[in-house]
Amino acid sequence: DGKENKLAGIVSNAGILWGHPLPDLMDVCATGVKRVLDAFVPLVEDDGRVIVVTSGLGPLMHSYSGEQRQAALMNDNDDLAPMMEECLTAYEQFTTIEERITAFESIEFPGGPFAESAPDFHMYGLAKMFGDAIMLRMARNYPTLRVNSVDPGLVYTDLILKMPKYAGMEKEETGAQSPEEGV
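Keep in mind that this is a model prediction, so the values were computed, not measured. (Residues numbered from 1 in each chain as written. Predicted model: local features only at pLDDT ≥ 70, side-chain atom pairs only at ≥ 80, totals over all residues. Heavy atoms only, no water.)

Asker: Residues and numbers for the overall build of the protein, please.
Answerer: Secondary structure assignment for the protein yields nine helices and three strands. Reading the protein from its N end, one meets helices and strands in the order β-α-β-α-α-α-α-α-α-β-α-α. Against the globule reference of 16 Å for 183 residues, the protein gives a C-alpha radius of gyration of 18 Å, in line with a compact fold. Each of the three principal axes of the protein carries a C-alpha extent, and together these read 60 × 45 × 25 Å. When burial is assessed residue by residue, the protein has 39% of its 183 residues classed as buried. Restricting to contacts in the protein with at least 6 residues of sequence separation, those with at least 24 account for 66%. Surface exposure of the protein reaches about 10000 Å², of which carbon and sulfur atoms provide 54%. The centroid of the 14 positive side-chain charges in the protein is displaced by 6 Å from the centroid of its 29 negative side-chain charges. (Helix = DSSP H or I, 4+ residues; strand = E, 2+ residues; numbered from the N terminus. Rg over C-alpha atoms; globule rule 2.2 N^0.38 Å. Buried < 20%, exposed > 50% of the residue type's maximum accessible area, 1.4 Å probe, protein only. Contact = heavy atoms within 4.5 Å. Areas by Shrake-Rupley, 256 points an atom, 1.4 Å probe, with all protein chains shown as cover. Lys, Arg positive; Asp, Glu negative; His and termini not counted. Charge placed at Lys NZ, Arg CZ, Asp CG, Glu CD.)

Quick look at the structure:
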């Protein structure tokens, strides 16, 4: 029956931490999710599982987006690629934070309080927002699968130690959980 050739499930953990330029973040956190899902979801058995590791910053950036953008992100008939390209153009056209804030506001993808205070979070959140939209579309295209997204929260790994806020800190000082403890 071919079932022995099917996967029970997949986990897409495509992601890089903030601090990378938006083109890299989009390539990994959005397009990377699409590549993994496109390649492996057709191999998952009916009633199989699909898990996409994401971030709470994705839904947060979605909530800051203009109403038309929010609707387009949720609409399977709207192509995400042009919206992603608009974000990349807004990012690449300008170099100062002030210019980028204005550019992203003009295309209805403002970063809320993160735009100025934490622009890396804004860029990371945008990439995760598009990854989430890709996951939702895939879930609707494969209704027999059980699709979930998860936000691992703050886990004490070498990744958080690269963040200036946590550099050189012991686990207890960060408030993070170990991978074994989970969050």
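Asker: Could you give an account of the sheet that holds strand β1 (residues 7–12), naming the residues involved and the relevant values?
Answerer: Spatially, three strands are ordered β1-β2-β3 in an open sheet, and the strand pairing comes out parallel. Since the sheet does not close on itself, it has two edges, and those belong to β1 and β3 (146–150), each with one partner. Ignoring which end each strand starts from, the neighbouring axes of this sheet average 15° apart. Taken together, the five bridges between β1 and strand β2 (residues 44–53) define a ladder with parallel strand orientation. Across the sheet, residue Ser12 finds its bridge partner in β2, namely Val52. (Pairing = 2+ DSSP bridges. Axes fitted to C-alpha atoms, helices over the stretch in contact; angles between N-to-C directions.)

Asker: Please set out the pairing of β2 residue by residue, giving values where relevant.
Answerer: Of the pairings in the sheet, the one linking β2 to β3 comprises five bridges and is parallel in character. Its bridge partner lying in β3, Arg49 is registered against Arg146.

Asker: Just give me the short version of empty space enclosed by the protein, but keep the residues and values in it.
Answerer: One pass over the full model with this rule turns up one cavity of 30 Å³ or more. The calculated volume of the largest cavity comes to roughly 30 Å³. Along the walls of the largest cavity sit Ala14, Cys29, Val33, Val52, Val53, Thr54, Lys128, Gly131 and Asp132, which together make up its complete lining. Going through the elements one at a time, α1 (22–40), β2 and α7 (119–141) are the ones with two or more residues in the lining of the largest cavity. Looking at the lining of the largest cavity, the element that brings in the most residues is α7, giving three residues. Each residue belonging to the lining of the largest cavity can be placed in one class, and the counts come to five nonpolar, two polar and two charged. (1 Å grid on protein atoms, 1.4 Å probe; cavity = no way out; pocket = protein on both sides within 12 Å on 5 of 7 lines; lining within 4 Å. Points joined across faces, edges and corners; volume = space filled by probe spheres on them. Nonpolar A, V, L, I, M, F, W, Y, C, P; charged D, E, K, R; others polar.)

Asker: Explain a nonpolar patch on the surface residue by residue, including any values.
Answerer: Together, Leu7, Phe40 and Leu43 line one region of the surface with nonpolar side chains, adding up to about 230 Å² of accessible area. Inspection of the secondary structure puts Leu7 in strand β1. (Patch = residues over 30% accessible without salt bridge, like charges linked within 9 Å, V, L, I, M, F, W, Y side chains within 5 Å. Salt bridge = Lys/Arg side-chain N within 4 Å of Asp/Glu carboxyl O.)

Asker: Could you give an account of the confidence of the model for the protein, with specific residues and numbers?
Answerer: On average, residues of the protein score 89 in pLDDT, and 96% of them reach the 70 mark or higher. Between the elements of the protein, mean pLDDT differs from a low of 74, seen in helix α8 (residues 158–161), to a high of 96, seen in helix α4 (residues 80–93). (pLDDT = per-residue confidence, 0-100.)

Asker: I'd like a description of helix α3 (residues 67–74), backed by residues and values.
Answerer: Within α3, burial applies to Arg69, Ala72 and Leu73. Down the axis of α3, the sector holding all buried residues measures 100°, keeping them to one side. Across from the buried face of α3, at angles greater than 90 degrees, the exposed residues are Glu67 and Gln68. (Arc of directions from axis to C-beta.)

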